[in-house]
Amino acid sequence: MDLTATTTIRRPASEVYAFWRDLENLPTFMAHLEQVRTTGDRTSHWAAAAPFGTDVEWDAEIIEETPGEKIAWRSTGDADVPNAGTVRFVPAPDGVSTEVHVVIVYDIPGGAVGKAVAKYFGEEPHQQLDDDLRRLKQVLETGEVVRSDGAPWGKRARKEFPQRPAQPLSDAELEKGADA
Amino acid sequence: MRANTWSGRNKVEVRDVPDPKILNNRDAIVRITSTAICGSDLHLVDGYVPTMQDGDILGHEFMGEVIEVGSGVPGEKLRVGDRVVVPFPIACGACAACAAELYSCCENTNPNAGIAEKMFGHPVAGIFGYSHLTGGFAGGQAQYARVPFADVGPLKIESDLTDEQVLFLSDILPTGYMGAEMCDIQSSDVVAVWGAGPVGQFAMDSARVLGAAKVIAIDKEPYRLQMAERAGHIPVNFDEVDVRSTLLELTGGRGPDKCIDAVGLEADHGSAHIAAYDRVKQAVRSETERPHALRQAIMSCRSGGVVSVIGVYGGLLDKFPAGAWMNRSLTLRTGQCHVQRYMKPLLERIERGEIDPTRIITHTLALDEAEQGFNLFKNKQDNCEKVVLKP
């Protein structure tokens, strides 16, 4: 499965690149990632939540990189869901902003994990990646993921409808955190 | 706290709900001292704007006192104890739209951007109490409200102006003003305004302030037309006269130089068969609008004139007079108001006495009487023009 998405962020390319290159920042805007742990200069360990309590983990390596312009990576070893991706940072015509172009390729396997992953991505997997980039834009432009009373988890296609009512969270909901 | 909520089509209900809390670092919590019912609330309550849910707190015109600020709000911007008017669009102040002062198109404040994108092509800003399409933010017809990006939007009121003098800076006064500003008014201009509701009244006052030679008010409610006439505008009752011939008569056959649609998607009247067609299509949701006022504004405007649209539209309309628009060199301008852009300059105009926002208030009720306020306003009972609620 090939996913592409793009957004424009009103920050210089060097800054957007640096934020992404610190791979441990990725879970702050990629909703399905639980953790990315840097294990070497170009290697990392990724953990993602999948549905039905399934966890998906893999190792990844950066295979190509041009500072301020491009990062390409792929999963290594015996990944549950082999994947590879490229992100390009392109100065926008306004002279201020950066276009972020992402391509991610998933090799969705058969069996239970494959089914779970396919279902997880749902009918509109592009929307999921699109959401990730919207959150990246929010984090870099405003400092955090924007939350509303109806969507206290922030931008998330799978939870866009139905939502909780647009009224403040109770203390119990607030304790449960973003997924209340 | 107590809050006025949407509880189904044509039903509002004041309920007990949890108090708001800080969710983002740049939030503030405001204790509301005055809030209002807006004409666009009626589109929500009527069910014309989709994505409402049972329990959604309504209200996007409100002001009050800051009682808590998040760690990301700098003290020089806002402090506990400040008295503020809160603009209805929630804007981050950092994206390209905000940098261009297009605050109602903010790219970051709608957590439900995916829905808005499907409906509008690109998402729009989050709005308080205005459906999940615009973010699912709790509104301000309540005792307290959470205000995101509190360092960007709220306007501090540091003089002793009353709530009634400044409350409408949250929406309808800037909206009416933007409607007039988009007309690029010249001193010889005759400006016609469709709709003498609160926004229409402020569009008329603004057109006058910006130098229009003559301002015409078009409506069917005698009390609204009288209100406009008392403010010095020329009333035209579309129930009693033919609008087009009256406008031609008032302008020496030219048509108004600038036309403002302050009505939006629930317009009445029009030629009988087109109006019936719109109503039926809207009822079965194959058209979301009844664009009668917009059509009439385009057909009436003088060649080369400007049609400025501040009435709310939600989706798709048909029978749009594209031929008149194109062949007669009309300019069509529109937008949800970029309130943050206008608050300070309009506050100064209020302080100088150039605009009197209080002239449209006909009813002041307790928050618990919100349902009665909605009924008065919706059904135009008791000469109701504008309802202010006191939590």
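Residues numbered from 1 in each chain as written. Chains lettered and ligands numbered in written order. Predicted model: local features only at pLDDT ≥ 70, side-chain atom pairs only at ≥ 80, totals over all residues. Heavy atoms only, no water.

Under an unreviewed UniProt entry, the name given to chain B is Alcohol dehydrogenase, and the source organism is Actinoplanes friuliensis DSM 7358. Entered under Sequence similarities (unreviewed entry) in the UniProt record, the comment concerning chain B runs "Belongs to the zinc-containing alcohol dehydrogenase family." (UniProt positions renumbered as here; feature names shortened; annotations may be inferred.)

Looking up chain A in an unreviewed UniProt entry gives the name Putative 17.2 kDa protein in melC2-rnhH intergenic region, with the organism given as Actinoplanes friuliensis DSM 7358.

Caption draft 1: Structural view of the overall build of chain B. Of the regular secondary structure elements, chain B holds 13 helices and 17 strands. Taking 391 residues into account, the globule formula puts the C-alpha radius of gyration at 21 Å, and chain B, at 20 Å, falls close to it. Buried residues in chain B amount to 60% of all 391 residues. On chain B, the mean spot of the 39 positive side-chain charges and the mean spot of the 50 negative ones are 4 Å from each other. (Helix = DSSP H or I, 4+ residues; strand = E, 2+ residues; numbered from the N terminus. Rg over C-alpha atoms; globule rule 2.2 N^0.38 Å. Buried < 20%, exposed > 50% of the residue type's maximum accessible area, 1.4 Å probe, protein only. Lys, Arg positive; Asp, Glu negative; His and termini not counted. Charge placed at Lys NZ, Arg CZ, Asp CG, Glu CD.)

Caption draft 2: Expanded view of the side chain of Ser44(A). All names here are of chain A. Structurally, the position occupied by Ser-44 is in strand β3 (residues 43-49). Exposure remark for Ser-44: the relative accessible area of 2% places this residue in the buried category. A polar side-chain atom of Ser-44 sits 2.8 Å from a polar atom in the side chain of Trp-46. (Polar contact = N/O pair within 3.5 Å; in protein donor to acceptor, adjacent residues only side chain to side chain.)

Caption draft 3: Seen up close, the sheet that holds strand β15 (residues 331-334) of chain B. Residues and elements named next belong to chain B. If you walk across this open sheet you meet the 6 strands as β12-β11-β10-β13-β14-β15, and the pairing is parallel. In this open sheet, the two strands that pair with only one neighbour each are β12 (234-237) and β15. In this sheet, neighbouring strand axes are inclined to one another by 20° on average, regardless of whether the strands run parallel or antiparallel. Relative to β15, strand β14 (residues 306-309) runs parallel, the two being bridged by 4 bridges. (Pairing = 2+ DSSP bridges. Axes fitted to C-alpha atoms, helices over the stretch in contact; angles between N-to-C directions.)

Caption draft 4: Quick peek at the UniProt feature "domain: Alcohol dehydrogenase-like N-terminal" (unreviewed entry) in chain B. Under the present numbering, the feature "domain: Alcohol dehydrogenase-like N-terminal" (unreviewed entry) in UniProt falls on residues 26-155 of chain B. Helix makes up 15% of residues 26-155 of chain B and strand 23%, whereas the separation of the span's terminal C-alpha atoms amounts to 15 Å.

Caption draft 5: Layout of the environment of Gln282(B). On the secondary structure map, Gln282(B) appears in helix α9 (residues 272-283). With near-sequence residues (within four places) excluded, Gln282(B) lies in contact with Tyr48(B), Leu265(B), Glu287(B), Thr288(B), Glu289(B) and Arg290(B). (Contact = heavy atoms within 4.5 Å.)

Caption draft 6: Local environment of the layout of surface pockets. Residues and elements named next belong to chain B. Taken as a whole, the second largest pocket encloses approximately 500 Å³ of empty space. Forming the boundary of the second largest pocket are 19 residues, of which Val-152, Pro-154, Leu-155, Lys-156 and Lys-344 lie nearest the centre. Those elements that place two or more of their residues in the lining of the second largest pocket are β9 (155-156) and α12 (339-351). Looking at the lining of the second largest pocket element by element, the count peaks at 8 residues for α12. Among the residues making up the lining of the second largest pocket, the classes are represented as 8 nonpolar, 3 polar and 8 charged. (1 Å grid on protein atoms, 1.4 Å probe; cavity = no way out; pocket = protein on both sides within 12 Å on 5 of 7 lines; lining within 4 Å. Points joined across faces, edges and corners; volume = space filled by probe spheres on them. Nonpolar A, V, L, I, M, F, W, Y, C, P; charged D, E, K, R; others polar.)

Caption draft 7: Representation of the UniProt feature "domain: Alcohol dehydrogenase-like C-terminal" (unreviewed entry) in chain B. Mapped onto this structure's residue numbering, the UniProt feature "domain: Alcohol dehydrogenase-like C-terminal" (unreviewed entry) falls at residues 198-267 of chain B. Measuring from the first to the last C-alpha atom of residues 198-267 of chain B gives 15 Å, for a span that is 41% helix and 20% strand.

Caption draft 8: Spotlight on the interface of chain B and chain A. Each partner contributes to the interface: chain B provides 41 residues, whereas chain A provides 33 residues. When chain B packs against chain A, the two sides together hide about 3,000 Å² of surface, and 51% of this comes from carbon and sulfur. Sorting the residues of chain B by area buried against chain A places Leu23(B), Asn108(B) and Pro111(B) first, and these three jointly supply 20% of that buried surface. Linking chain B with chain A are 3 salt bridges. Measuring nitrogen to oxygen at the nearest pair gives 3.7 Å for the salt bridge that ties Lys21(B) to Asp171(A). Summed over the shared surface of chain B and chain A, the result is 23 residue pairs in polar contact (both at pLDDT 80 or more). When contributions to the side of chain B that touches chain A are tallied by element, the ones reaching two or more residues are α2 (96-99) and α3 (113-120) of chain B. The leading source of residues in the side of chain B that touches chain A is α3(B), at 5 residues. (Buried area = accessible area lost by both parts, 1.4 Å probe. Salt bridge = Lys/Arg side-chain N within 4 Å of Asp/Glu carboxyl O.)

Caption draft 9: Quick peek at the sheet that holds strand β7 (residues 98-106) of chain A. Residue and element names in this part refer to chain A. Taken together, the 7 strands give an open sheet; going across it, the order is β1-β7-β6-β5-β4-β3-β2, and neighbouring strands pair in antiparallel fashion. Looking at the sheet topology across the chains shown, the edges are occupied by β1 (2-9) and β2 (33-38). The average undirected angle you get between the axes of adjacent strands in this sheet is 20°. Where β2 lies against β3, 5 bridges are found, and the strand directions are antiparallel. Bridge pairing in β3 links Thr-38 to Ser-44.

Caption draft 10: Fine view of the domain arrangement of chain B. All names here are of chain B. Segmentation of chain B into domains returns domain 1 (2-171 + 337-389) and domain 2 (173-334). Using C-alpha coordinates to define each centre, domain 1 is positioned 25 Å away from domain 2. Contacts between the two partners involve 35 residues from domain 1, matched on the other side by 28 residues from domain 2. Listed by contribution, the elements that provide at least two residues to the side of domain 1 that touches domain 2 are α1 (39-46), α3 and α12. Among the elements that make up the side of domain 1 that touches domain 2, the one with the highest residue count is α12 (6 residues). (Domains from an automatic or database assignment.)

Caption draft 11: How the structure looks around the confidence of the model for chain A. Per-residue confidence for chain A gives a mean pLDDT of 87, with 86% of residues at or over 70. Element-level pLDDT for chain A is lowest in helix α2 (residues 111-121) of chain A, with a mean of 68, against a maximum mean of 98 in helix α1 (residues 13-21) of chain A. (pLDDT = per-residue confidence, 0-100.)

Caption draft 12: Examining empty space enclosed by the protein more closely. All names here are of chain A. Going through the model one piece at a time under the given rule, you end up with 10 cavities of 30 Å³ or more. There is about 70 Å³ of room inside the second largest cavity. Lining the second largest cavity, in full, are Met-30, His-32, Leu-33, Trp-46, Trp-58, Trp-73, Asn-83, Ile-104 and Tyr-106. Residue composition of the lining of the second largest cavity, grouped by class: 7 nonpolar, 2 polar and no charged.

Caption draft 13: Representation of the packing of α1(B) against helix α13 (residues 370-378) of chain B within the structure. Residues and elements named next belong to chain B. Contact geometry of α1 with α13 gives a least axis separation of 11 Å together with a crossing angle of 105°. Relative to α13, α1 is oriented roughly perpendicular. Facing Gly-39, Asp-41, Leu-42, Val-45 and Asp-46 of α1, the residues of α13 in contact are Phe-374, Phe-377 and Lys-378. Split into classes, the residues belonging to the contact of α1 with α13 amount to 4 nonpolar, 1 polar and 3 charged. (Parallel < 35°, antiparallel > 145°, perpendicular 65-115°, else oblique.)

Caption draft 14: The arrangement of the pattern of salt bridges in detail. Evaluated as defined, the whole model comprises 32 salt bridges over all chains. In this structure, the salt-bridge partner of Glu61(B) is Lys386(B), at a minimum N-O distance of 2.7 Å. With a gap of 325 residues between them, Glu61(B) in the loop between α1 and β4 (62-69) and Lys386(B) in the loop between α13 and β17 (387-390) connect regions that are remote in the sequence. The pair Glu61(B) / Lys386(B) is uniform in exposure class, with both members buried. Among the charged side chains, a network of salt bridges with common partners joins Arg21(A), Asp41(A), Arg42(A) and Glu65(A).

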